[in-house]
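Working through the structure, step by step
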Amino acid sequence: MTDTDILVMGSNTVDIYVETPADLIRIDRSDDDGDALLGYPVGDKLLADSVSFDVGGSGLNAATAFARTGLATSYVGRLGDDMFGARVLDHLDDENISFYGGLGDQTGIGIILESDAADRTILSYKGCNNDVTLDDVPDVTPDWFYSSTVMGDTRETMASVITSFEDTTTAINISSYLADQGIDELQPVLGATDYLFVNKDEAQRLTGEDDLVDIFEALGSALRGTAIITNGPNGVYYMTDETYYHVAPHPTDVVETTGAGDAFNAGFIAAKANGRPRHRAVKAGMIQAEHVLHHASTTDDLLSRDDLLDELNNADYTTEVIQ
């Protein structure tokens, strides 16, 4: 056991949740990407029902989940020299997460515009999250390294860090922005990655394939390890020994989807770090994600190690072989 069980990179933000009673326009498109649009009246001043603040960001969410499950967690990032940065630092202290990094101009901010049916639109300002350099990274050899999607100078720093590890298990989560760059562009990082967490749309963009088996084969050739593919309310796909599996989620009353992906990734890694096999780790990720889906906060209902493993022992998810 090292002083740091897991070293985490990724964004930190203060999230501002805004709910409005205004009649908003939802447009369901039938074009190829199929994304729905949310419309706000032009020129109107909309009254908000409520405004609340919480810490967030994909890196900070994951680091919090790791710490809650008892892993000695170190977080590498940049905080703004402002009141939001102070709030993030207080959260790290409260969660016993070691912070490495420096102060930048402004902390990242997420403005989450709530609408009906648990849909939401997020305005994301990265602030100094993109400015992490190698000077910010501690000289440690962790058991695990995890990075959520990163951009700018931080992406180059992450690539240098992940490719430098020899005896560390590595995991990353990428966004559609990085997926659109393709396997060839990301090959140096993918070739040093043991677990890639990606949703189905991102996996299709990354590989240029539509069929799940073709996607897994393409990723299998690029990765040092394997991919775990999530598909929102449709569950999770993974493979072991050339067999492909689908795990269906429990029916869940969704309050807020923000942070559920981070919770899944962290739950999976926590289970693996505690000696659980891959098929059990997938279910641990789903358990942790469902607890986040039940609450507006991305971190308030994250499970401890004992609670997570206890629920895992009683998990009744349906698993099927897809090939």
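Scroll up for the structure.
Residues numbered from 1 in each chain as written. Predicted model: local features only at pLDDT ≥ 70, side-chain atom pairs only at ≥ 80, totals over all residues. Heavy atoms only, no water.

**A few points about the packing of helix α5 (residues 182-190) against helix α7 (residues 212-222)**
Orientation of α5 relative to α7, taken along the N-to-C sense of each, is 55°, at an axis distance of 9 Å. In terms of axis orientation, α5 runs oblique to α7. Residues I183, Q187 and L190 of α5 pack against A218, L219 and A222 of α7. By residue class, the composition of the contact of α5 with α7 is 5 nonpolar, 1 polar and no charged. (Axes fitted to C-alpha atoms, helices over the stretch in contact; angles between N-to-C directions. Helix = DSSP H or I, 4+ residues; strand = E, 2+ residues; numbered from the N terminus. Parallel < 35°, antiparallel > 145°, perpendicular 65-115°, else oblique. Contact = heavy atoms within 4.5 Å. Nonpolar A, V, L, I, M, F, W, Y, C, P; charged D, E, K, R; others polar.)

**Concerning the nonpolar core**
Ranked by internal contacts, the top residues of the largest apolar core, which has 53 residues, are F66, Y146, F197 and I269. Residue contacts for F66: discarding those within four places in its chain leaves I6, V8, L71, T73, Y146, A266 and I269. Membership of the second largest hydrophobic core comes to 36 residues, among which are V137, I162, I172 and M239. (Core = buried A, V, L, I, M, F, W, Y, C linked by side-chain atoms within 4.5 Å. Buried < 20%, exposed > 50% of the residue type's maximum accessible area, 1.4 Å probe, protein only.)

**Considerations on the sheet that holds strand β2 (residues 13-19)**
If you walk across this open sheet you meet the 4 strands as β5-β2-β8-β9, and the pairing is mixed. The open sheet has two edge strands, β5 (50-56) and β9 (120-125), and neither has a second partner. Adjacent strand axes in the sheet meet at a mean angle of 20° when their direction is disregarded. Pairing between strand β8 (residues 108-114) and β9: 6 bridges, direction antiparallel. Across the sheet, G110 pairs through a bridge with S124, a residue of β9. Contacting β2, β5 and β8, helix α2 (residues 83-94) crosses the sheet at an angle of about 60° to β5. (Pairing = 2+ DSSP bridges.)

**Some words on the packing of helix α3 (residues 152-162) against α5**
A pair of packed helices is captured by two measures, namely the crossing angle of their axes and the spacing between those axes. Following both chains from N to C, one finds α3 and α5 inclined at 50°, their axes separated by 9 Å at the closest point. What the angle tells us is that α3 and α5 run oblique. When α3 is examined against α5, the residues R155, M158, A159 and I162 are found in contact with a partner set consisting of E185, L186 and V189. Residues that form the contact of α3 with α5 fall into these classes: 5 nonpolar, no polar and 2 charged.

**A look at the pattern of salt bridges**
One pass over the structure, following the stated rule, counts 7 salt bridges. With its nearest N and O atoms 3.1 Å apart, the salt bridge here joins D201 to R205. Here D201 and its partner R205 are both found in helix α6 (residues 200-207), 4 residues apart, which amounts to about one turn of the helix. Overall, R205 belongs to the partly exposed group, its relative accessible area being 36%. Note that R305 and D306 form a salt bridge whose closest N and O atoms lie 3.0 Å from each other. One salt-bridge network, in which partners are shared between bridges, spans D180, D201 and R205. (Salt bridge = Lys/Arg side-chain N within 4 Å of Asp/Glu carboxyl O.)

**Regarding the packing of aromatic side chains**
Two measures describe an aromatic ring pair: the distance that separates the ring centres and the angle between the ring planes. Applying the stated criterion across every chain, the model contains 9 aromatic pairs. Judged by centre distance (5.3 Å) and plane angle (65°), the rings of Y195 and F268 are edge-to-face. You can see Y195 sitting in strand β12 (residues 195-199) and its partner F268 sitting in helix α8 (residues 260-273), a full 73 residues away along the chain. Neither Y195 nor F268 differs from the other in exposure class; each is buried. For the ring pair F197 and F264, a centre distance of 6.3 Å and an interplane angle of 85° mean the geometry is edge-to-face. Placement of F197 in strand β12 and of F264 in helix α8 is noted, with a sequence separation of 67 residues between them. (Phe/Tyr/Trp six-rings, centres within 6.5 Å; stacked < 30°, edge-to-face > 60°.)

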